[in-house]
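# Structure at a glance
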Number of protein chains: 2
Amino acid sequence: MVRKVVDAVMGREPFDTVIRNVQIVQVCSGEIIPGDIGIASGKVAFVGNLEEDCQAGEVIEGNGRYAVPGFLDSHMHLESSMMTPAHFAEAVLPKGTTAVAADPHEIGNVMGAEGVSLLCEMTRDLPLHVYMMAPSTIPSAPGFENSGADIRAEEVRRMLRFPGVIGLGEVMDFNGVADGDPRMMEIVQAALESGLLLDGHVPAFKGRRLQAFAASGIDCDHTYMDPEIAAEKLRYGMCVQIQERFLTSELMAYLERCPVQNRIMLVTDDVPLSRLASEGHLDSVVRKAIRLGLSPMKAIRYVTLNAADRLRLPRRGAIAPGRYADILLLDSLEEIRVSAVFSDGILVAKDGRMVRPLVSKPFPRSAYRTMKLAPLSEEDFKVRAKGSRVLVNVIEQDGKTSRTELRQVWFPLRDGCLAMPEGIAKMAVFNRYGRTDGRQIGFLSNMGGFRGALATTYAHDCHNLIVYGSNEADMCKAANLLIECGGGVAAVRDGEVLSRIPLPIAGLLCEDPMPLLAEKFEGFVKAAKEMGLNHGEVLTFITLMALAVSPKVKLTDAGLVDAVNKKFLPLIVRTIE
Amino acid sequence: MVRKVVDAVMGREPFDTVIRNVQIVQVCSGEIIPGDIGIASGKVAFVGNLEEDCQAGEVIEGNGRYAVPGFLDSHMHLESSMMTPAHFAEAVLPKGTTAVAADPHEIGNVMGAEGVSLLCEMTRDLPLHVYMMAPSTIPSAPGFENSGADIRAEEVRRMLRFPGVIGLGEVMDFNGVADGDPRMMEIVQAALESGLLLDGHVPAFKGRRLQAFAASGIDCDHTYMDPEIAAEKLRYGMCVQIQERFLTSELMAYLERCPVQNRIMLVTDDVPLSRLASEGHLDSVVRKAIRLGLSPMKAIRYVTLNAADRLRLPRRGAIAPGRYADILLLDSLEEIRVSAVFSDGILVAKDGRMVRPLVSKPFPRSAYRTMKLAPLSEEDFKVRAKGSRVLVNVIEQDGKTSRTELRQVWFPLRDGCLAMPEGIAKMAVFNRYGRTDGRQIGFLSNMGGFRGALATTYAHDCHNLIVYGSNEADMCKAANLLIECGGGVAAVRDGEVLSRIPLPIAGLLCEDPMPLLAEKFEGFVKAAKEMGLNHGEVLTFITLMALAVSPKVKLTDAGLVDAVNKKFLPLIVRTIE
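Report on the accompanying structure.

Criteria and thresholds
Residues numbered from 1 in each chain as written. Chains lettered and ligands numbered in written order. Predicted model: local features only at pLDDT ≥ 70, side-chain atom pairs only at ≥ 80, totals over all residues. Heavy atoms only, no water. Helix = DSSP H or I, 4+ residues; strand = E, 2+ residues; numbered from the N terminus. Rg over C-alpha atoms; globule rule 2.2 N^0.38 Å. Buried < 20%, exposed > 50% of the residue type's maximum accessible area, 1.4 Å probe, protein only. Least-squares fit on C-alpha atoms with pLDDT ≥ 70 in both. Contact = heavy atoms within 4.5 Å. Polar contact = N/O pair within 3.5 Å; in protein donor to acceptor, adjacent residues only side chain to side chain. Buried area = accessible area lost by both parts, 1.4 Å probe. Salt bridge = Lys/Arg side-chain N within 4 Å of Asp/Glu carboxyl O. Nonpolar A, V, L, I, M, F, W, Y, C, P; charged D, E, K, R; others polar. Pairing = 2+ DSSP bridges. Axes fitted to C-alpha atoms, helices over the stretch in contact; angles between N-to-C directions. Core = buried A, V, L, I, M, F, W, Y, C linked by side-chain atoms within 4.5 Å. Phe/Tyr/Trp six-rings, centres within 6.5 Å; stacked < 30°, edge-to-face > 60°. Expected span 1.5 Å × (residues − 1).

Below, the discussion takes up the overall build of chain A. A count of helices and strands for chain A gives 17 helices and 30 strands. Expected size for 577 residues packed as a compact globule is a radius of gyration near 25 Å; at 25 Å, chain A falls within 12% of this value. For chain A, the spread of C-alpha atoms along the three principal axes comes to 90 × 50 × 45 Å. Counting all 577 residues of chain A, 65% fall into the buried class.

As C-alpha cells, then:
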C-alpha cells in the first residue's frame, strides 16, 4: 500500500529494510551517490542519508558496495534454458537478472496458445518478474514447415489478453511484413489495436524494406547490429536490442557517443544452458560491453531504465522513490560481480546462490504428451530412388554457425536406396504433433568422421523430431528413445546409448535444476564430439538445421527449403539410369 | 490499416501525401536529414529520398523548410483558454500544437466527473489530439473551500476508466501526500492500481518530503524549476516539465548538458487567452527556450519525443515510419515560425490559419446551468460588527503575482458595518453550486485608487463567484450580471457596465472563437485598468485570490485561509468597544 511507503519515508512507520552505506548508481540522472536505501512494501521509499537511529525491520550493511537496479532483459526466450521457469529463475536471479520479457514461441510452437497460457501461469509469483510476449510467428515459416500450432490473428488477439502478456513477440517473418502478406498483416493489425508492444526480428533489411517493416508499427530489433545498422534503426524510431554475440568495440564506441540514448538495450535472446552455467546471463552481456569500452553507467542503464521504459514498466528500472526495490549489490562496477540480489525488496540471492530454493509448480499432464509419433523403423530413414546415380541437393554446414549453403553431390544407389558418399551424413525430420505425417530425409556435407546418431526434439522453431546420423540403425534407435520419453536429446553409436536427456515437458524442458542439467549436457556434448561431430557448437548444430527462417538451406518436415528465397528445393536433382 | 502503410512504402499503393524537399528533424537520432516524407493512412510511411515519379494522392512542396514533429503539450488545462475545445484547437493548431494532455480540473471543480466526461466527449475526433487526465484534487483544498464537486477515490477510479483518460491529473495536495492524508492516499492508490500515469504539482518540497511525494508513485512536476530543483527531481526518477515562466539561461545551460535527457519536457500549464492570442502556445515556450540558449534539437525533442514517451504514446512524437503523421513545417529552426501543420497526415493549418474551421459540438444544457445562486442584494456585501473600531486580517496583494501576505488593519465602523479605510477594497466569495450557502467577505490592501467592481466566475480552482469592489452597489450589480448570464466576468463602475463577457458553459467557457474573445478580454482588462486596478495582470489577480493552495492568504467561500499552514484565520482579530 502506498501509505506505508510514504509513512516510512517520513519516519511515521519503520522501513521494512534499510541497505546501509552503498554507492547508489542512479541511472535516472547518471550519477553515483553515496548513501542508504530505505525499502517499504517492496518499493524503494528513500534514497540518501538516513539517520543512524532510523527504524527498520532489517538493516543490511552494504560496506561501500555499488547498488544498481536489477537487470531487466527486454528480449529473451525462457525455453532456451531447457529448465522450468522456477529453475530458470534460480539460475539467473543470483546473476542479477530480476525481470525478463519472455517470448514463449518455443512452447507456443509445440502447444499453441495453451503453451503460452501455461508459461504465464508458471511464471506468476516468481521473484523473477516475467512479462510475457504473445508469439507472433508460429510456425516461423508458414507453408514451409508444420509445428504443433498454426497461430493466426484471432489466436494472437486472444493471447494478447492473457494476464501477464504485454505485447506481441518478435515478428520473424520480416519478408511477410514487407511484402504485405495477409496473414502477418492481420496479426500486426491485431497487436496495433491492442495498444501493446510489438517486437521485431529483422536481420538483413535496410533502406526501404526496413522502413516498410518499421512502418507496420514494429519498433524494435535484436538481430545483427553494427554502428551503421544501429544508426539506421534508431533513425526510424526503433529500439535496438543488442545481444552478446554482436558486441564489438566499434559498436560500443558508437553507442557511447550516440546523442539519443534511451532506445538502446542489451539483451540475451537465447542463452543456452551451458553458457548460462559457465558465463552467466545478462550480467555477462553487460560485462562484455564494458570490457569492449562502454561506460558502466551506460551499460547498466541499457539493462535497467531503458529496458523498463521500452517495456512500459515505469515502476521498475531504477533505484528511485516509488519504484519496486529490485536492487543488486556489486563489488565492482566494471566486473559486474553480483553479491546480493533484492527482488521487490526481498533479499533473494547472496554470493551467487539463492537464499532459498523456489518451488516449481507442476506442469499439467498435457504438457508431457506432445510426442505424438509411433515408434520408427530403420526403413523410415532410407531414401529410395531409381537409377544408378543421382545428383542430390545437400546442406553444407560450416562447422561453426547455423548458416548453411547448398551443395550438389552425386550419390550412388545401393539396394534401391541412396548410399552416402564419404563426408556426407543423413538428417531426418519427423513432425511429432500428429497434425500431419510430414517426414523428410535430407543430407549434410562436411560431416567427415561423424559416426552414430544424434536426435533432438528441441529444434528451432518447430521442435519436430530431428535425427542426424551416419547409419539408419543408430538413427532409428536414437529417435525411438526420444519418442519413448516424451522428447529430449539422445546420442547413440553402434547401438550404444552414449547420452540421453529427457525433456519431457513439451519436448523442450525438464525438471532438473541447472547444475544437474548442465552436467548432463556436458556429457551429451562430449558424446557428440567423441562421435566425430566436427561442429564447434553441438547444440547450435542440432537445434538449428531445421530452422527455415535462417539462411540458407534447411530441412523441415515439409521438405528441403531455400530459406532466403522462400522456396522448396528438390532432394534429387538428376537421375542417371 | 497497417497494410496500406506498408504497401505505400513498397510502392504497391500510392502514398496519400508526399511532402517533398524538407530538412527532417529526426528527434529519435538527433539528426537533420534532407529528404521527403511519404504519408499513408495518417501515418508516416517513409522518410528519405523518394523517386521523382513515385505515386501520391497529393504532393506538397516543402521548399527546403524544416519538418519537425507536431508539438505535444504534456501538461496543460484546456479551460484556461475560456474557449470550447474546438475553438481552442483552432487557436493552437496553427501554432504547431498537435496534441495535449489536458487535466480538466477546472470544469471538474464545477461539474465533477460529469464535466470530465463532457470534455472527453467534446475533444474526441478533433484534429488536435487531446489525452485526458482525471482530476485528482477537487476541491484543491478540501475542508477549506467548497466547489461544485468533492472527488474521492471511488470517483477517481470511475474517471480513470473513461475513454480518452490516460492518467491521474496533477496531485496538488502535496502536503496531503507527504502527510499520508487518507483521502489523498486512497486517490493515489486508485491511480497506481489502474496502471496509468500519475501527474504531480509539488513546489517548495525538497529532500525527504519530496522523496515522500515521489515514493507515492507520482513522478512528474511542472512547478517552479531551477537547475538544483530539476537535478533533484530527475535524481528521484521524476519527469521535469518546464513552463515558460521558469525558463532561464541558467536552467537551459543545465538541461543542455544533462546526461539523461528523456525525462525533460516543456509545457504550457495555463496559457491565458490574451497570451495565447499575442504570443502563441507551446511554440512560444520552445522559442523562448532556444533564445535562452537551449539547442533547437533538444528544445524540439522536449515537446515531441520526450512528451510522447512520458504519455506512453509510442505512435506519436517523431517523424518516423509507423508513427502518426503530426508534422510541422518551419521556415527557421530558431524562430519556430510554423507555416504548415499536419495532423494525422492531413494539412490542417497553413500560414497561421486553419485550412477550414472546426465544428464545435453543442454542450448539453446541464453545462449552462451551473450558476445556482439567487440574485444578491447590497446587504449581502456588508460586514456587520459591534464596537467602534476593529482590527481586521487583510489580504495584501503585491500588484504583480498571485502571491499574497497577511496584514492587519484597523477599520472604523459606520452604521454597524465595517467601513473601508483608504487603500482597502472588498472581496466577496459566494459558493455558486447550491451545495452549500457558503459566502464570505474579506478585504484586500494595496488597492488605492480602485473604484467600481470586478466579478468573475472563472476563479481557480473552485470557480465560485468572486467580486472585488470599492462599494456594495457596484459589487452587487456586477455579481447579479453574472448570475443572470450563467457566469463570466464583469466590470461595473458607478452603476455603469464597462465590460461583461458571458462564459455560460460551466461559468468558464464560451462559444466565441479566439479573435473575438481576445478582443472582448482586451476591453475587460482596459476597463479594469481604467477603474484603477493597480495589478499588472488583471486576470491573474481576479482569478487567483480565492485559490487556497497558493501562498499565503486567500479568501474562499469557507473563510479566510492561511494557505501555507492550512488553517482558517478570523476576519476580525480585535474589537474596541
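After that view, the rundown keeps rolling.
In this section: the relation of the copies chain B and chain A. Overlay of chain B on chain A (RMSD 0.1 Å): rotation 180 degrees, translation along the axis 0.0 Å. Taken together, the rotation and translation relating the two chain copies correspond to the operation of a two-fold axis. Across chain B, the rotation axis passes nearest the C-alpha of asparagine 262 of chain B, at a separation of 3.5 Å. In this assembly the copies share their binding face: 100% of the residues contributing to the interface of chain B also contribute to that of chain A.

Turning our eyes to something else, we now look at helix 9 (residues 227–235) of chain B. All names here are of chain B. Those residues of helix 9 not exposed but buried are Ala230, Ala231, Glu232, Lys233 and Leu234. Check the buried side of helix 9 and you find it contacts helix 8 (207–215), strand 11 (220–221), strand 12 (239–242), helix 10 (249–257) and strand 13 (264–266). Between a side-chain oxygen at the N-terminus of helix 9 and the backbone nitrogen of glutamate 228 the separation is 3.1 Å; the capping residue is aspartate 226. Looking one or two places after helix 9, you find glycine 237, whose phi comes out positive at around 80 degrees.

A separate point is the interface of chain B and chain A. Facing 60 residues of chain B, the contacting portion of chain A comprises 60 residues. Between chain B and chain A, a total of about 5000 Å² is buried, with carbon and sulfur atoms accounting for 53% of that surface. Summed over the three residues of chain B that lose the most area to chain A, namely Val2, Arg208 and Arg235 of chain B, the buried surface amounts to 14% of that side. In this structure, the connection of chain B to chain A is made through eight salt bridges. The interface formed by chain B and chain A includes 24 residue pairs in polar contact (both at pLDDT 80 or more). Secondary structure elements with two or more residues in the side of chain B that touches chain A: helix 1 (2–9), strand 2 (31–40), strand 3 (43–48), helix 6 (174–178), helix 7 (182–194), helix 8, helix 9 and helix 14 (305–310) of chain B. Residues belonging to the side of chain B that touches chain A are distributed by class as follows: 31 nonpolar, 12 polar and 17 charged.

What follows concerns the sheet that holds strand 13 (residues 264–266) of chain A. All names here are of chain A. If you walk across this open sheet you meet the three strands as 11-12-13, and the pairing is parallel. Of all strands in the sheet, those with a lone pairing partner are strand 11 (220–221) and strand 13, marking the two edges. Summarising the sheet, strand 12 (residues 239–242) and strand 13 pair through three bridges and their orientation is parallel. Bridge pairing links isoleucine 242 to leucine 266 in strand 13.

Residues and elements named next belong to chain B. Read from one edge of the open sheet, five strands run 6-7-8-9-10, paired in parallel fashion. The sheet is open, and its two borders are formed by strand 6 (71–76) and strand 10 (197–200), each paired with just one other strand. Ignoring which end each strand starts from, the neighbouring axes of this sheet average 30 degrees apart. Bridge analysis of strand 9 (residues 165–171) against strand 10 gives three bridges, and the strand direction is parallel. Each residue of the ladder has a partner; that of valine 171, found in strand 10, is glycine 200. Each of strand 6 and strand 7 (97–102) touches helix 12 (residues 282–291); the most contacted strand, strand 6, lies at about 100 degrees to it.

Looking now at the pattern of salt bridges. Between side chains of opposite charge, pairing is possible as soon as their charged atoms come close. Across all of its chains, the model carries 62 salt bridges over all chains by this definition. The shortest N-O distance in the salt bridge between glutamate 31 of chain A and arginine 235 of chain B comes to 2.8 Å. Of this pair, glutamate 31 of chain A sits in strand 2 (residues 31–40) while arginine 235 of chain B sits in helix 9, placing the two residues on different chains. Among the residues examined, glutamate 31 of chain A registers a relative accessible area of 26% and is labelled partly exposed.

What follows covers the nonpolar core. With 159 residues, the main nonpolar core has Ile242, Met427 and Leu454 of chain A as its most contacted residues. Not counting residues up to four positions away in its chain, the partners in contact with leucine 454 of chain A are Ile466, Val467, Tyr468, Ala490, Ala491, Phe524, Ala528, Met531, Leu533 and Ile542 of chain A.

All names here are of chain B. Overall, the coordinates contain 14 aromatic pairs over all chains when judged by the stated rule. Their ring planes at 70 degrees and their centres at 6.3 Å tell us that phenylalanine 521 and phenylalanine 524 sit as a pair that is edge-to-face. Of this pair, phenylalanine 521 and phenylalanine 524 both sit in helix 16 (residues 514–530), three residues apart, roughly one helical turn. Note on phenylalanine 524: relative accessible area 0%, which makes it buried.

Turning to the pairing of strand 25 (residues 488–493) of chain B, a few remarks are in order. Residues and elements named next belong to chain B. When you tally the buried positions in strand 25, you get six out of six residues, the bulk of the element. As judged from the four bridges shared by strand 23 (residues 453–456) and strand 25, these two strands associate in the antiparallel manner. Opposite alanine 455, over in strand 25, you have alanine 490 as the bridge partner. Pairing of strand 25 with strand 26 (residues 496–502) involves six bridges; the strand directions are antiparallel.

Residue and element names in this part refer to chain B. For helix 15 (residues 472–485), built from 14 residues, the straight-helix expectation of 20 Å at 1.5 Å per residue is met to within 8% by its first-to-last C-alpha distance of 20 Å. Counted residue by residue, helix 15 has 11 buried out of 14 residues, so it is predominantly covered. All of the buried residues in helix 15 are Glu472, Asp474, Met475, Cys476, Ala478, Ala479, Asn480, Leu481, Leu482, Ile483 and Cys485. The inward-facing, buried residues of helix 15 abut strand 21 (425–430), strand 23, strand 24 (465–469), strand 25 and strand 26. Where helix 15 begins, the side chain of asparagine 471 points an oxygen toward the backbone nitrogen of alanine 473, at a separation of 3.2 Å. Positive phi appears at glycine 486, one or two residues downstream of helix 15, with a value of about 85 degrees.

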